[in-house]
Amino acid sequence: MPVEHSGHQGGPCGKRVGEEGWRLGWSVPGMARREEQAEGDNHLSLAGNERRPALVASLGTLGLWLQDMADSAQAQKLVYLVTGGCGFLGEHVVRMLLQQEPRLRELRIFDLHLGPWLEELKTGPVQVTAIQGDVTQAHEVAAAVAGAHVVIHTAGLVDVFGKASPETIHEVNVQGTKNVIEACVQTGTQFLVYTSSMEVVGPNIKGHPFYRGNEDTPYEAVHRHPYPSSKARAEQLVLEANGRKVRGGLPLVTCALRPTGIYGEGHQIMRDIYYQGLRLGGRLFRAIPASVEHGRVYVGNVAWMHVLVARELQQRPALMGGQVYFCYDKSPYKSYEDFNMEFLGPCGLRLVGTRPLLPYWLLMLLAALNALLQWLLRPLLLYAPLLNPYTLAMANTTFTVSTNKAQRHFGYEPLFSWEESRTRTIRWMQAMDSSAQ
Ligand SMILES: NC(=O)C1=CN([C@@H]2O[C@H](COP(=O)(O)OP(=O)(O)OC[C@H]3O[C@@H](n4cnc5c(N)ncnc54)[C@H](O)[C@@H]3O)[C@@H](O)[C@H]2O)C=CC1
Ligand SMILES: C[C@@H](CO)CCC[C@@H](C)[C@H]1CC[C@H]2[C@@H]3[C@H](O)CC4=CC(=O)CC[C@]4(C)[C@H]3CC[C@]12C
């Protein structure tokens, strides 16, 4: 089905929460842990003083408090930079860092477009610095990187719909990444985490399935599309840069994370498919066989992996430097469409058909027609439907991962269970729906 990007429409979701709900209410399981634990510690120390005179108790508490202050002043010393920090994944990484990285002193957020939600972060204990900038501009990147201990480079042009030219995709994804690496080397930043993609592996142009593979599974990675080609080249540059001497003589330590298809609060494509379903009277039509598995991972877990990798890279540079890790969690293996229905279903949408309603050759024809229309209309307008030969091939080729490398190397366990990831995504969709009405 030609699925077009859509504008807002009201829908049948039941629960009503304001769109800002998921932003302002953002927290992760166990997040209260640090605060609770701190409170618990205080209770313990007070309990110990219970039978002593009040003055001694107060002095004891004051002493502990001063000690705490001294500890945290010492601990809060790191400066992190997140490029693309206002994107779908970037925002989750930023919020996760603020909640889960106690050693943070300053968090720099570098993006072409800064979000208004950054303002709310500026009132917290960590200095949040918003930098409007372009990764293709080496001097802007170098200025942002200077003095940072860790760079998490998530900025990228994610375009598989033909909205941007191949040259622009290359410029942002490859030249932008080169600029980040050079900035680290020149300014003396030692740790670089790169957000790569499953697409650097596949599916390849031959449509070979990658079934529950891991980082060592042999696979013929051949790309022609500008997005995967650019991500693959950028990843290679990042990995090759591992061990280069940065200013001051220390070695650069790099690694790459490869998310499969990310889903969760803020996912633009899910939003588009939802509105498409509403336009079609609450129905979507199955185009892909249910047996084709497509790997998906919850955005909160991808963000958590970034935070953990950034932290552990500093502790285990020899083990983790130059490594790649797939991003994974407990999300079930399903086809792209069946997986989306986990969220769209509770919002009132229905997937029609247990088998594809159209034969594959007809879908291919429609996809090719869309590509032709895009080309013909380009001088007049941007026609960028979800269905094109590349996205059809992506959705129609099995690509799933099954690995525990992140667990073995840096103790990663998903922070969000599948149930929680699903609930959060549904809540966000419901909030989106209510704000559209
Ligand atoms: N969405 C997905 O399913 C997956 C995404 N990824 C990767 O994750 C990263 C983040 O992707 P998303 O959050 O989905 O995309 P997004 O488009 O929501 O975020 C990308 C961010 O980068 C910024 N950006 C783009 N060009 C820039 C430039 N020239 N200078 C500075 N900032 C720039 C954008 O303004 C945006 O805020 C990308 O590197 C992407 O390749 C990897 C696997 C799957
Ligand atoms: C054929 C249509 C019938 O319903 C459905 C079309 C779905 C496509 C738009 C998506 C199918 C697979 C997606 C990609 C995949 O999850 C991996 C990705 C990794 C990235 O690094 C960026 C995003 C994406 C390319 C993702 C984009 C959307 C799909 C092609």
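Residues numbered from 1 in each chain as written. Chains lettered and ligands numbered in written order. Predicted model: local features only at pLDDT ≥ 70, side-chain atom pairs only at ≥ 80, totals over all residues. Heavy atoms only, no water.

## Looking at the overall build of the protein
Then step 1. Scanning the protein for helices and strands turns up 16 helices and 13 strands.
Then step 2. Across the 437 residues that make up the protein, the buried fraction comes to 51%.
Then step 3. Counted over contacts in the protein with a minimum sequence separation of 6, partners at least 24 positions apart contribute 81%.
Then step 4. When the accessible surface of the protein is totalled, it reaches about 19,700 Å², and 56% of it is carbon and sulfur. (Helix = DSSP H or I, 4+ residues; strand = E, 2+ residues; numbered from the N terminus. Buried < 20%, exposed > 50% of the residue type's maximum accessible area, 1.4 Å probe, protein only. Contact = heavy atoms within 4.5 Å. Areas by Shrake-Rupley, 256 points an atom, 1.4 Å probe, with all protein chains shown as cover.)

## Focus: helix 7 (residues 166–187)
Then step 1. Under the 1.5 Å per step criterion, the end-to-end length of helix 7 is 30 Å for 22 residues, consistent within 8% with the ideal 32 Å.
Then step 2. Turning to helix 7, its buried residues are Ile169, Val172, Asn173, Val174, Gly176, Thr177, Asn179, Val180, Ile181, Ala183, Cys184 and Val185.
Then step 3. Looking at the packing, one finds that the buried side of helix 7 touches helix 6 (138–145), strand 4 (150–153), strand 5 (191–195) and helix 8 (226–241).
Then step 4. Positive phi shows up at Gly188, right after helix 7, with a value of about 95°. (Expected span 1.5 Å × (residues − 1).)

## Looking at the sheet that holds strand 3 (residues 127–132)
Then step 1. Strand order in the open sheet formed by seven strands is 3-2-1-4-5-7-11, and the pairing between neighbours is parallel. For this open sheet the edge positions go to strand 3 and strand 11 (323–327), each flanked by a neighbour on one side alone. Taken pair by pair, the neighbouring strands of this sheet meet at an average axis angle of 15°, ignoring direction.
Then step 2. Across four bridges, strand 1 (residues 78–83) lies against strand 4 in parallel orientation. The partner of Tyr80 across the bridge, within strand 4, is Val150.
Then step 3. The strands that helix 7 touches are strand 4 and strand 5; relative to strand 4, the one it contacts most, it runs at about 175°. (Pairing = 2+ DSSP bridges. Axes fitted to C-alpha atoms, helices over the stretch in contact; angles between N-to-C directions.)

Distances and angles like these do not, on their own, reveal function.
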